Protein chains: 2
Amino acid sequence: MTAYHIIAKKRDGLILTVDEIDYIIHGYAQNKIPDYQMSALLMAIYLNGMTFEETAALTCAMLESGFRMNFKNVPGQKIDKHSTGGVGDKVSLILAPLVAAAGLKVPMLSGRALSHSGGTLDKLESIPGFRTNLSVDEFYQQIEQIGVSMIGQTERICPADKKMYALRDATATIESIPLITGSILSKKLAEGIDGLVLDVKTGSGAFMRRLEDARALAESLVKTAMLNSLPTRALITRMDEPLGYAAGNWVEVKEAIDCLHGNGPDDLMQVTLALSAQMLLMGNITKTEAEARDKLNQLIHSGAALQKFYEIVRTQGGNLFYLDHPEKYAASKIEQPVFAPQTGTISSINALDIGLAVVQLGGGRFVMEDQIDYKAGIVLAHKVGDYVKKGEKLATLFTDHERVVEEVSEHILTAFQFQKTVVAKKSLVIDIIEA
Amino acid sequence: MTAYHIIAKKRDGLILTVDEIDYIIHGYAQNKIPDYQMSALLMAIYLNGMTFEETAALTCAMLESGFRMNFKNVPGQKIDKHSTGGVGDKVSLILAPLVAAAGLKVPMLSGRALSHSGGTLDKLESIPGFRTNLSVDEFYQQIEQIGVSMIGQTERICPADKKMYALRDATATIESIPLITGSILSKKLAEGIDGLVLDVKTGSGAFMRRLEDARALAESLVKTAMLNSLPTRALITRMDEPLGYAAGNWVEVKEAIDCLHGNGPDDLMQVTLALSAQMLLMGNITKTEAEARDKLNQLIHSGAALQKFYEIVRTQGGNLFYLDHPEKYAASKIEQPVFAPQTGTISSINALDIGLAVVQLGGGRFVMEDQIDYKAGIVLAHKVGDYVKKGEKLATLFTDHERVVEEVSEHILTAFQFQKTVVAKKSLVIDIIEA
């Protein structure tokens, strides 16, 4: 078996065997196969695709390139959620404590912000002192103690994925459904979980803008996970306007706390409760979705979910003071309101534009090396469907970068579309994909 | 402009601009673009193709990566021939002195043997003392003096091609018509010639086995050459059985000398004369093909072509003694005859099998680092269409490798097919492709 013949086979549109996929992925992870052969294969996969069986073998080989967690000794169902990323997506901050309060174990490995998309790790780290780089032992211990922990990728998990992702990023082979599937699922399988709920977003602020692409990715993820014996469901959800009102790091933490206080915006809670309910069903906490929703609402209104969030923050070293006294958190040098240029009903707020504006304000990353200003961001005053009068406030920008404010303010305005008539509200959950 | 965007464009099946192609080829030649980006682009080109205009820009950029010869001060038409390679293809050894004797200038840069395909340089080097590594100045001088010189690629010519070919060889992207076209033509354009005749072979021993692929390559070569202002014609010729009787290095030189003595085999002379006649027409030496053929036959029968061959060998340092006394050339340790296993008419002799057998006997290379035994090879006793009796000699193997003789003898027999009825002779020239 040689890398050459495996490349030639995929080039010719043939199906690779499990052994061939193992050979190439393990060889690449061990630096035995050079980048230039891997990138030729990645392009051939991009253009000729992979069957679900090939994708499952790819995922498994990537998983086996590193360490796999084992929660066999921890009682209870270990269930995680993963989102393909969007703007204002602080669902994990609400969902993780909520479903842990319901009795699930939640070993959540999250990612960082890149381009217009936010990252759960950065949001958590906006809480002073919060550590996302726990050791595996600390992670295990915390899951046992409080049922939930939220940390970053460790170097030991899926090293093949890290190497492949960097190569894909340089060779225009990111947007391939089998490669995306392998990257997402290998890391989730490494968590040693019993079930997975996926939030596959579609719309202007999503990685998969078109619904048909989101659906294809969701199907690939669910089928590939099942072939690797991980029960998985995917919700396809809208990401046309930002989720909730806040986009940025600290502003999103504050909004998540509002949600845990029972004061969450409709759209954000709709997605959070739909995903959380699926997790309770997968973990056999409740029998029906209605029961699950009742339980979740009760855990919010009793304060149990908020308490669990405080427990996470305390256990991971975060300063609780700012959760209770957000007004004491460092303020941005500039708080710039943006006003409606016309009277009408907001028909759309382009999430991509808002996400990119947050990065310009200092709240995100264009490249992985960029430093984040946690307090920078945008808080919307209105959402799609709201009727506003000309001159009314649409949003507030928070930033320390005086020189970008004017440009970003203008750019933000182009993200808003208005119409004369009423805008029909759309359900955020478009579909549920099951095996 | 970035390599990433150029890769993404070709990945999406779009047409690259001249500037984009220049950027990527020059960047790669200057080590500014890494192998892993180039190999992703090569795979995208392999799978999505290139227009003739893109291929012409690719060829031009590859040409411009290095030195271009200039024969403006040398009177006469500079015309070369290039073959896509085959088994027993010693045409260049006959054609170069022949058309030079007719008055053309022939600055011929040739290649080496690889896999089943022979190489003109290795054949010439089987003549003791023959130098194929002349300096450019020596090359110019020889063209002026005797009208013809046969040397190898210099490091200064098309360095981009050398780097790209090595990468293609490792990433399963050799068999791409635009990439083959760029590789062949960039080197021919670097010769500074006025016209080019191509021998695009098709059949079992050819790179392009199927006629439709050979035709597509011939059309790409002719159109791309014309877009780079090089008048070019391509002959599509059969490479089903070896050309002539000899396959190996020294045995082919001997057969070429026989041809120059006027004793060449029909098939070999048919291809040689067809290509040579096109060269004379391109160089305005004669007005019609019939005139050209008359002139060529006359140059052979007068001994002028043979004299020109001796001049080449003498000028390039080769020992003329062995040309007149081939019986004094070192003999192989083993001369193994192979006998007909049945009575019948030979219906085919698989050229690929014969070519690979020559390599096994020591007369070729599986990889570029292999040493060649010049005297090793195969001389057929019969060709397709011949009627043989069981036990009659079919071929003789020449080798120093005792351990392979038995295996190769058996393998050779499977290359021969027999039938009861007469085999119709086919013309070797299938078509001529002009712009």
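Computed from a prediction, not measured in an experiment: that's the story for all the values here.

Reading guide: rules and limits
- Per chain, residues are indexed from 1 in the order of the written sequence.
- Here every chain gets a letter starting at A, and every ligand a number starting at 1, in the order they are written.
- Confidence filtering applies because this is a predicted model: local features only for residues at pLDDT of at least 70, side-chain atom pairs given and counted only at 80 or more, and all residues used for totals across whole chains, interfaces and linings.
- Excluded from the side-chain calculation are hydrogens and water; included are all heavy atoms of the structure.
- Under the scheme used here, helices are H or I runs from DSSP no shorter than 4 residues and strands are E runs no shorter than 2 residues, and both carry numbers assigned from the N terminus.
- The span you would expect from a helix comes to 1.5 Å times its residue count less one.
- We call a residue buried when its accessible area falls under 20% of the maximum for its residue type, exposed when it is over 50%, and partly exposed in between, using a 1.4 Å probe and counting protein chains only.
- Every residue pair with non-hydrogen atoms within 4.5 Å of one another is taken to be in contact.
- Summed over both partners, the accessible area (1.4 Å probe) lost when two parts come together is defined as the buried area.
- We define a salt bridge as a side-chain nitrogen of Lys or Arg found within 4 Å of a carboxyl oxygen belonging to Asp or Glu.
- The definition of a polar contact used here is a pair of N or O atoms within 3.5 Å, where within protein one atom must be able to donate a hydrogen and the other to accept one, and adjacent residues in sequence count solely through side-chain atom pairs.
- Axis lines are fitted to C-alpha atoms, over the contacting stretch for helices. Their N-to-C directions set the angle, which ranges from 0 to 180 degrees.
- For any pair of crossing helices, the crossing counts as left-handed if the nearer helix is rotated counterclockwise from the farther one by less than a right angle, and right-handed if it is rotated clockwise.
- Three residue categories are used. Nonpolar comprises Ala, Val, Leu, Ile, Met, Phe, Trp, Tyr, Cys and Pro, charged comprises Asp, Glu, Lys and Arg, and polar comprises the others, including Gly.
- To superpose the copies, least squares is applied to the C-alpha atoms of every residue with a pLDDT of at least 70 in both.
- Any two rings among Phe, Tyr and Trp, with Trp reduced to its six-membered ring, count as a pair given centres within 6.5 Å; such a pair is stacked if its planes are under 30 degrees apart, edge-to-face if over 60, and tilted if neither.
- We call a charge positioned above a ring when the Lys NZ or Arg CZ atom is no farther than 6 Å from the ring centre and deviates by at most 35 degrees from the ring normal.
- Residues grouped as a nonpolar core are buried Ala, Val, Leu, Ile, Met, Phe, Trp, Tyr and Cys residues, joined through side-chain atoms within 4.5 Å.
- Each domain's extent was defined by an automatic or database domain assignment.
- Two strands pair if DSSP finds at least two bridges between them.

Some words on helix α4 (residues 52-64) of chain A
For α4 of chain A, which comprises 13 residues, the first-to-last C-alpha distance of 18 Å matches the rise-based estimate of 18 Å (1.5 Å per residue) to within 8%. Of all the positions in α4 of chain A, only Glu54, Thr55, Ala56, Ala57, Leu58, Thr59, Ala61, Met62 and Leu63 of chain A are classed as buried.

Notes on the interface of chain B and chain A
Facing 22 residues of chain B, the contacting portion of chain A comprises 21 residues. Approximately 1800 Å² of surface area, both sides summed, lies buried where chain B meets chain A, with 68% of it carried by carbon and sulfur atoms. Taken as a group, Tyr4, Arg11 and Tyr36 of chain B account for 32% of the area that chain B buries against chain A, more than any other trio of residues on that side. Its salt-bridge partner being Glu175 of chain B, residue Arg11 of chain A comes within 3.4 Å of it at the nearest N-O pair. Run the count over chain B and chain A and you get 10 residue pairs in polar contact (both at pLDDT 80 or more). Taken together, the elements giving at least two residues each to the side of chain B that touches chain A come down to α1 (3-11), α3 (35-48) and α8 (159-170) of chain B. In terms of residue count, α3 of chain B provides more of the side of chain B that touches chain A than any other element does, 10 residues in total.

Notes on the packing of helix α12 (residues 266-282) of chain B against helix α13 (residues 289-301) of chain B
Residue and element names in this part refer to chain B. Two elements in contact, α12 and α13, have axes separated by 9 Å at closest approach and are oriented at 115°. Viewed along their axes, α12 and α13 form a crossing whose handedness is right-handed. Taken together, the residues of α13 that come into contact with α12 (itself represented by Met269, Leu273, Ala274, Ser276, Ala277, Gln278, Leu280 and Leu281) are Glu289, Ala292, Arg293, Lys295, Leu296, Asn297 and Ile300. Partitioning the contact of α12 with α13 into residue classes produces 9 nonpolar, 3 polar and 3 charged.

A short note on the pattern of salt bridges
All names here are of chain A. Under the definition given, this model contains 54 salt bridges over all chains. Lys383 is paired through a salt bridge with Asp267; the nearest N and O atoms lie 2.5 Å apart. Residue Lys383 is located in the loop between β9 (377-380) and β10 (387-388), and its partner Asp267 is located in helix α12 (residues 266-282); the two are separated by 116 residues in the primary sequence. Among the residues examined, Lys383 registers a relative accessible area of 5% and is labelled buried. Assessed through its relative accessible area of 9%, Asp267 is described here as buried. When salt bridges that share partners are traced, they join Arg112, Asp122, Glu125 and Arg365 into one network.

A short note on the relation of the copies chain B and chain A
Overlay of chain B on chain A (RMSD 0.1 Å): rotation 179°, translation along the axis 0.0 Å. When the rotation and shift are considered jointly, the pair of chain copies conforms to a two-fold rotation axis. When C-alpha positions in chain B are compared against the rotation axis, the closest is assigned to Tyr36 of chain B, at 1.9 Å. Residue by residue, 95% of the interface of chain B is reproduced at the interface of chain A, so both copies engage with the same surface.

Quick word on the packing of aromatic side chains
A full pass over the atoms with the stated rule returns 12 aromatic pairs over all chains. Where Phe321 of chain B meets Tyr322 of chain B, the ring centres are 5.3 Å apart and the plane angle is 80°; that geometry is what we call edge-to-face. Measuring from centroid to centroid gives 5.7 Å for Tyr322 of chain B and Tyr329 of chain B, while their planes differ by 85°, and the two rings are edge-to-face. One aromatic cluster is present, formed by Trp250, Phe321, Tyr322 and Tyr329 of chain A through successive ring pairs. Looking at Lys163 of chain A, its charged tip hangs above the ring of Tyr28 of chain A, at a distance of 4.0 Å from the centre. The lysine or arginine in question, Lys383 of chain A, covers the ring of Tyr245 of chain A, its NZ or CZ lying 5.8 Å from the ring centre.

Here's the deal with the nonpolar core
A general tendency of soluble globular proteins is for nonpolar side chains to be buried together. Core analysis: the biggest nonpolar cluster contains 80 residues, and Leu323, Ile354, Ile378 and Ile412 of chain A have the highest contact counts within it. Residue contributions to this core peak at 10 residues, all from α12 of chain A. Both domain 2 (79-154 + 167-324) and domain 3 (330-419) of chain A contribute no fewer than three residues apiece to this core. Setting aside its immediate chain neighbours within four residues, Leu323 of chain A contacts Ile127, Trp250, Val253, Ile257, Phe309, Tyr310 and Val313 of chain A. The next biggest cluster of nonpolar side chains, apart from the first, holds 78 residues, and it includes Ala340, Ile354, Ile412 and Phe416 of chain B.

Focus: the domain arrangement of chain A
Taken domain by domain, chain A holds domain 1 (3-49), domain 2 (79-154 + 167-324) and domain 3 (330-419). Its C-alpha centre places domain 1 of chain A at a distance of 43 Å from the equivalent point of domain 3 of chain A.

Description of the sheet that holds strand β4 (residues 195-202) of chain A
Residues and elements named next belong to chain A. Taken in spatial order, the 4 strands make up an open sheet running β1-β4-β5-β13, and their pairing is mixed. Strands with a single pairing partner mark the edges of an open sheet, and in this sheet they are β1 (79-83) and β13 (429-433). Geometrically, the sheet is characterised by an average inter-axis angle of 20° between neighbouring strands, direction not taken into account. Two strands pair when backbone bridges link them, and β4 and strand β5 (residues 232-238) are joined in this way by 7 bridges, in the parallel orientation. Each bridged residue has a counterpart across the sheet, and for Leu196 the counterpart in β5 is Thr232. Against the sheet, helix α9 (residues 177-189) makes contact with β1 and β4, and its axis sits at roughly 155° relative to β1, the strand it touches most. Its contacts with the sheet place α12 against β1, β4, β5 and β13, and it is angled at close to 155° to β4.

Overview of the sheet that holds strand β4 (residues 195-202) of chain B
Residue and element names in this part refer to chain B. A sheet is described by the order of its strands in space; here 4 strands give the open sequence β1-β4-β5-β13, paired in mixed fashion. Every interior strand has two partners, whereas the edge strands, β1 (79-83) and β13 (429-433), have only one. Across this sheet, the average inter-strand angle for adjacent strands is 20°, counted without regard to direction. Of the strands in this sheet, β1 and β4 touch helix α9 (residues 177-189), which is tilted by about 155° from β1.

Things to note about helix α14 (residues 304-315) of chain B
All names here are of chain B. In a regular helix each residue adds 1.5 Å, so 12 residues correspond to 16 Å; α14 covers 16 Å between its end C-alpha atoms and thus fits that length. Buried residues of α14: Ala305, Leu306, Lys308, Phe309, Tyr310, Ile312 and Val313, and no others. The secondary structure elements touched by the buried residues of α14 are α5 (91-101), α7 (136-146), β3 (148-152), α11 (250-260), α13 and α15 (321-324). Positive phi shows up at Gly317, right after α14, with a value of about 90°.

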